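# Topology and contacts: notes
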Amino acid sequence: MAKLTQLIDNEVFRAYATYTTIVLLKMMLMSLITAYFRITRKAFVNPEDTASFGKGESAKKYLRTDPDVERVRRGHLNDLENIVPFLGIGLLYALSGPELSTALLHFRIFAGARIVHTFAYLIPLPQPGRGLSWAVGYAVTISMAYKVLKTALYL
Amino acid sequence: MAKLTQLIDNEVFRAYATYTTIVLLKMMLMSLITAYFRITRKAFVNPEDTASFGKGESAKKYLRTDPDVERVRRGHLNDLENIVPFLGIGLLYALSGPELSTALLHFRIFAGARIVHTFAYLIPLPQPGRGLSWAVGYAVTISMAYKVLKTALYL
Amino acid sequence: MAKLTQLIDNEVFRAYATYTTIVLLKMMLMSLITAYFRITRKAFVNPEDTASFGKGESAKKYLRTDPDVERVRRGHLNDLENIVPFLGIGLLYALSGPELSTALLHFRIFAGARIVHTFAYLIPLPQPGRGLSWAVGYAVTISMAYKVLKTALYL
């Protein structure tokens, strides 16, 4: 077990673990927000989900799309599209031996940008609020990818 | 290579590797089930996929959505939304030095819950079958995230 | 830091880092292509994204789906469905002590297959071009999963 503990004892790796867990928990929160809007807006997609509203036509009318539900789902998908690259590239970046302060800067900006992105999507804020927050997270991931390829490139 | 072999020799890490591979393979299976329903229901989305059915209108009628195809695709997306957090948080959890028995409990319950979730979605089982299996996997991931943050927190 | 540097000094791990970063960057590129098509085709989904086109009905007509935008989005989702398993299973495979030449073969074929898949989807190439490139990446991931389970299985 010693080797594993040494990995988690590394400060850069601990920072990666902390911010990755935060952004993944934030992404998981989107599921709860989707469920909240589905229930309050009564907008479901699976027939078995509306069974408690009665049978036949009385339940069927709740099989519909709702703008708020679709908005949260788009935010959730955008999280997947951006947090998956952070998960992979961030791990490799943390293992590529960056300065602690540089690594913290990357992780903090990425996590902050994704949290702002979620608020910008759900409120919604006028553009370019959402676009900028997306671009900041994207740029941070590119910067980490550059460091990984510079350190580890083996084609 | 010695260091790497030591990582994979750790029993908690081996358990993580085993259950992660199982749930990722299960998720990959969703692609095959989608393809199976697309072919048997003749419900495609890309024009080039229907070219073998002839040209013009005779092929165009197969560019349609099918309830069974859409159901599998929703199950697949739900897998992505839940297995990606498990992949990341589970890895960090495995490196945070948990008891083997505790770790096995987390991994087994998560994998079991996701397999039940797939059956509940595809059969489909009446609610709250699918909802409960989803919630169990979600709760396991939260529990692992708590352990990661307790062990590694570095903001 | 020594332990971490040793991990990234391992040639198999460096190859994993390189090809994972490449396929994740390729996946991230799909976001830019989607944005390009949304802007050139004027096909948006969020009302706030069309505000610069004026107010009311004049902007509302740009809230529509476009076949090119939807095609890129399907390619992006297919990337997520296939690159997430590669990310997880590939990492475990790299830690399972494979021969360098065997590992390079897996990583190169996977990355090549996903790049071909993207071209096949976006051009689009006639089938079975896209189907075959998808199947090659899928088979490579299964092969790595087999090695992981053979090396690490702990249920």
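Residues numbered from 1 in each chain as written. Chains lettered and ligands numbered in written order. Predicted model: local features only at pLDDT ≥ 70, side-chain atom pairs only at ≥ 80, totals over all residues. Heavy atoms only, no water.

### Remarks on a nonpolar patch on the surface
Residue and element names in this part refer to chain A. On the surface, a nonpolar cluster with roughly 360 Å² of combined accessible area is contributed by I115, F119, I123 and L125. Residue position: I115 is located in helix α5 (residues 100-122). Judged by relative accessible area, which is 33%, I115 ranks as partly exposed. (Patch = residues over 30% accessible without salt bridge, like charges linked within 9 Å, V, L, I, M, F, W, Y side chains within 5 Å. Areas by Shrake-Rupley, 256 points an atom, 1.4 Å probe, with all protein chains shown as cover. Salt bridge = Lys/Arg side-chain N within 4 Å of Asp/Glu carboxyl O. Helix = DSSP H or I, 4+ residues; strand = E, 2+ residues; numbered from the N terminus. Buried < 20%, exposed > 50% of the residue type's maximum accessible area, 1.4 Å probe, protein only.)

### Considering the interface of chain C and chain B
Interface size is commonly expressed as the accessible area that is lost once the parts come together. Taken together, the contact pairs 39 residues of chain C with 38 residues of chain B. Note on chain C versus chain B: buried area summed over both sides is about 3200 Å², and carbon and sulfur give 71% of it. At the boundary of chain C and chain B, one finds 3 salt bridges. Between B:E48 and C:R71 there is a salt bridge, and its shortest N-O distance comes to 2.8 Å. In this assembly, chain C and chain B are joined by 12 residue pairs in polar contact (both at pLDDT 80 or more). Broken down by element, the residue count for the side of chain C that touches chain B peaks at 13 residues, all from helix α4 (residues 67-94) of chain C. Of the residues contributing to the side of chain C that touches chain B, the split by class is 26 nonpolar, 8 polar and 5 charged. (Contact = heavy atoms within 4.5 Å. Buried area = accessible area lost by both parts, 1.4 Å probe. Polar contact = N/O pair within 3.5 Å; in protein donor to acceptor, adjacent residues only side chain to side chain. Nonpolar A, V, L, I, M, F, W, Y, C, P; charged D, E, K, R; others polar.)

### Description of the environment of B:V136
Residue and element names in this part refer to chain B. Along the chain, the position of V136 falls in helix α6 (residues 129-152). Relative accessible area serves as the criterion here: at 36%, V136 is assigned to the partly exposed category. Spatially, the C-alpha atoms of V136 and F110 are 7.1 Å apart, while their sequence positions differ by 26 residues. With near-sequence residues (within four places) excluded, V136 lies in contact with I109 and A113.

### Quick word on the relation of the copies chain C and chain B
Mapping chain C onto chain B leaves a residual RMSD of 0.0 Å; the transformation is a rotation of 120 degrees accompanied by 0.0 Å of translation along its axis. The transformation just described matches what one would write down for a three-fold rotation axis. Residue C:V84, judged by its C-alpha, is the member of chain C lying nearest the rotation axis, at 4.3 Å. Both copies present different contact surfaces, since only 18% of the interface residues of chain C are interface residues in chain B too. (Least-squares fit on C-alpha atoms with pLDDT ≥ 70 in both.)

### A closer look at the UniProt feature "transmembrane region" (unreviewed entry) in chain A
The UniProt record annotates "transmembrane region" (unreviewed entry) at residues 16-37 of chain A. Secondary structure content for residues 16-37 of chain A is 100% helix and 0% strand, and the end C-alpha separation is 32 Å. (UniProt positions renumbered as here; feature names shortened; annotations may be inferred.)

### Quick look at the interface of chain A and chain B
Of the residues lining the interface, 38 residues belong to chain A; the matching set on chain B comes to 39 residues. Each partner contributes to the roughly 3200 Å² buried at the junction of chain A and chain B, and carbon and sulfur atoms together form 71% of this total. One can count 3 salt bridges joining chain A with chain B. Our count for the chain A to chain B interface comes out at 12 residue pairs in polar contact (both at pLDDT 80 or more). Looking at the side of chain A that touches chain B, the elements with two or more residues in it are α1 (2-9), α2 (11-40), α4 (67-94) and α5 of chain A. Broken down by element, the side of chain A that touches chain B gets its largest block of residues, 18 residues, from α2(A). Here the side of chain A that touches chain B is composed, by residue class, of 25 nonpolar, 6 polar and 7 charged.

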